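Structural characterization, general
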Amino acid sequence: MAKLKKQDPKVYAAMLGELKRQQEGMELIASENYVSPAVLEALGSVFTNKYSEGLPGKRYYGGQTYTDVVENLAIERAKKLFGAEHVNVQPLSGCPANMIVYSAILKPGDTVLGMDLSHGGHLSHGHPVTLSAKIYRFVRYKTDETGKIDYEQLEKMAIQEKPKLILAGFSAYTRQLDYQKFKDIAQKVGAITMFDIAHIAGLIAGKAIPNPVPYFDVITTTTHKTLRGPRGGMIMCKQQFAEVIDKAVFPGFQGGPHMNNIAALAVALGEALKPSFKVYAKQIIKNAKVLEQELKKYGFKLMFGGTDNHMVLVDVFSSKGITGIEAE
Ligand SMILES: *Cc1c(COP(=O)(O)O)cnc(C)c1O
């Protein structure tokens with residue numbers, strides 16, 4: 001990084017500071033990860049210079065010989081890794097990916113049944129402060145006292161509210177979902193199913209938890225959490241939704257894809273296909289289990305009683321009378 005150091009010492013110094021902070025600090029943010037040097041190289045590559053609106057083989061700009069290669073690699077690797085029928089790797093991040101899917105399959109005013117934010121769901125699943133909540137009608141299901149999703153209540157709500165879309169997915173939930181139950185409930189009321197696997201994509205890719213992709217009509221994910229890729233989003237779906245989703249990505253919602261991200265995603269997905277990634281994913285869960293058990297020994301109360309994934313949620317207030325910020 002000699003050129004950056006010379007040209008812009010202020011940015012360079014901040015970057016070195018961040019590197020040291022990441023290396024020496026104790027990072028306990030479950031949505032973060034460390035990409036490999038190869039992913040970083042692809043991310044900082046000449047692909048950042050290129051406009052590639054459209055899809056491989058069908059672009060609106062010339063000069064796509066190599067962008068097509070990397071985007072096809074990313075798509076093929078994602079299909080193989082998750083057993084997906086169709087993949088779009090262009091969404092710029094997780095929230096845009098969700099907005100894109102809503103716009104592809106819903107009309108303004110349609111009802112969506114999603115998980116409540118305060119019970120583990122994500123902002124982009126219709127929280128009142130978001131744009132999606134202004135366009136669609138979100139009804140939220142909750143978890144019970146033990147932290148389990150109450151599927152009976154979910155079914156009752158589905159029958160009562162007749163949602164066009166039933167949404168699974170979470171950012172602060174530590175238990176395994178019953179994929180089949182979501183599918184059965186959706187079938188009963190004729191709803192489309194979507195699972196936002198942003199947090200757990202890497203655990204699924206590493207086969208450390210069951211793969212939901214065959215069960216759901218549409219899957220959205222970020223690529224930078226447990227999947228250990230560059231920041232970005234990805235949509236996987238059944239073939240019947242392929243066309244509407246591709247069109248909703250571009251030109252519906254976005255312009256040019258970020259090809260350096262897509263190149264880096266191809267590299268990360270290549271890593272996730274290796275046997276070593278299975279070891280990595282299993283180790284993440286083992287580590288979380290150890291953290292869970294040790295925290296319990298120290299008298300911390302854990303939300304949902306413990307964890308089945310990479311997240312450990314500590315109720316620091318009722319255990320120790322301090323706030324989350326104080327604990328951090
Ligand atoms: C992190 C997360 C997102 C948002 O992703 P961004 O890349 O920050 O936009 C969306 N959904 C879920 C479930 C998440 O955990």
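Preceding this paragraph is the structure being described.
Here's a quick rundown of the structure. (Residues numbered from 1 in each chain as written. Predicted model: local features only at pLDDT ≥ 70, side-chain atom pairs only at ≥ 80, totals over all residues. Heavy atoms only, no water.)

**Some thoughts on the pairing of strand β6 (residues 165-169)**
Regular strands place their side chains on alternate faces of the sheet. Basically, it comes down to this: Remark: exposure states derive from per-residue accessible area (1.4 Å probe, protein chains only) relative to the maximum for the residue type, with buried under 20%, exposed over 50%, and partly exposed in between. Counting from the N terminus, the helices are the DSSP runs of H or I reaching at least four residues and the strands are the DSSP runs of E reaching at least two. Pairing between two strands is assigned when DSSP locates at least 2 bridges connecting them.
Along β6, five of the five residues are buried, which leaves the element largely enclosed by surrounding structure. The side-chain alternation of β6 yields two buried faces, one formed by Leu165, Leu167 and Gly169 and the other by Ile166 and Ala168. In terms of strand pairing, β6 meets strand β7 (residues 192-196) through five bridges, oriented parallel. Paired with leucine 167 across the two strands is methionine 194, which belongs to β7.

**Focus on the sheet that holds β6**
What counts here: For helices, the axis comes from a line fit to the C-alpha atoms of the stretch in contact; other axes are also lines fit to C-alpha atoms, and the angle between any two N-to-C directions lies between 0 and 180 degrees.
As summarised here, the arrangement of the seven strands in space is β3-β9-β8-β7-β6-β4-β5, forming an open sheet in which the pairing is mixed. Two strands bound the open sheet, and with one partner strand each, they are β3 (86-88) and β5 (137-141). Looking at each pair of strands side by side, their axes are set apart by 20 degrees on average, direction ignored.

**What about the site of the ligand?**
Stated formally: Any residue with a heavy atom positioned within 4 Å of a molecule or strand is treated as near that molecule or strand. Polar contacts here mean pairs of N or O atoms no more than 3.5 Å apart (in protein, one a potential hydrogen donor and the other a potential acceptor; neighbouring residues in sequence count only if both atoms are side-chain atoms). Only the protein chains shown count as covering a residue, and every accessible area follows the Shrake-Rupley method with a 1.4 Å probe. Three classes are used, and their members are as follows: Ala, Val, Leu, Ile, Met, Phe, Trp, Tyr, Cys and Pro are nonpolar, Asp, Glu, Lys and Arg are charged, and the others, Gly among them, are polar.
In the region of the ligand, 14 residues are neighbours, and Ser93, Cys95, Ser171, Asp196 and Lys225 sit closest. Glycine 94 is positioned with one of its backbone polar atoms (N or O) 2.9 Å from an oxygen atom of the ligand. Protein chains bury 86% of the 390 Å² of accessible surface belonging to the ligand in isolation. Among the elements that make up the shell around the ligand, the one with the highest residue count is helix α5 (residues 94-105) (three residues). Looking at the shell around the ligand residue by residue, the classes come out as three nonpolar, nine polar and two charged.

**Let's talk about the packing of aromatic side chains**
Under the convention used in this document: Here is the rule: rings of Phe, Tyr and Trp (six-membered ring for Trp) pair when centre to centre is within 6.5 Å. Planes less than 30 degrees apart are stacked, more than 60 are edge-to-face, and the remainder are tilted. Remark: a charge is flagged as sitting over a ring if the NZ atom of Lys or the CZ atom of Arg is within 6 Å of the ring centre and within 35 degrees of the ring normal.
Applying the stated criterion across every chain, the model contains 15 aromatic pairs. Ring centres 6.3 Å apart and planes at 50 degrees place the aromatic pair phenylalanine 170 and phenylalanine 195 in the tilted group. Remark: phenylalanine 195 occurs in strand β7 and phenylalanine 170 occurs in the loop between β6 and α8 (179-189); sequence separation between them is 25 residues. Exposure class is identical for phenylalanine 170 and phenylalanine 195. Each is buried. Relative to tyrosine 280, the ring of phenylalanine 277 lies with its centre 5.1 Å away and its plane at 50 degrees, an arrangement referred to as tilted. One end of the pair, phenylalanine 277, and the other, tyrosine 280, are both in helix α12 (residues 275-297), three residues apart, so they sit about a helical turn from each other. Between the NZ or CZ atom of arginine 228 and the centre of the ring of tyrosine 280, over which it lies, the distance is 4.4 Å. Cation over ring: lysine 320 sits above phenylalanine 300, and NZ or CZ is 4.8 Å from the ring centre.

**Section: the environment of alanine 263**
The cut-off we apply is this: By the convention used here, residues are in contact when the closest approach between their heavy atoms is within 4.5 Å.
Mapping alanine 263 onto the fold places it in helix α11 (residues 259-272). Given the relative accessible area of 5%, alanine 263 is considered buried. Spatially, the C-alpha atoms of alanine 263 and threonine 67 are 8.0 Å apart, while their sequence positions differ by 196 residues. Setting aside its immediate chain neighbours within four residues, alanine 263 contacts Ala42, Phe47 and Val70.

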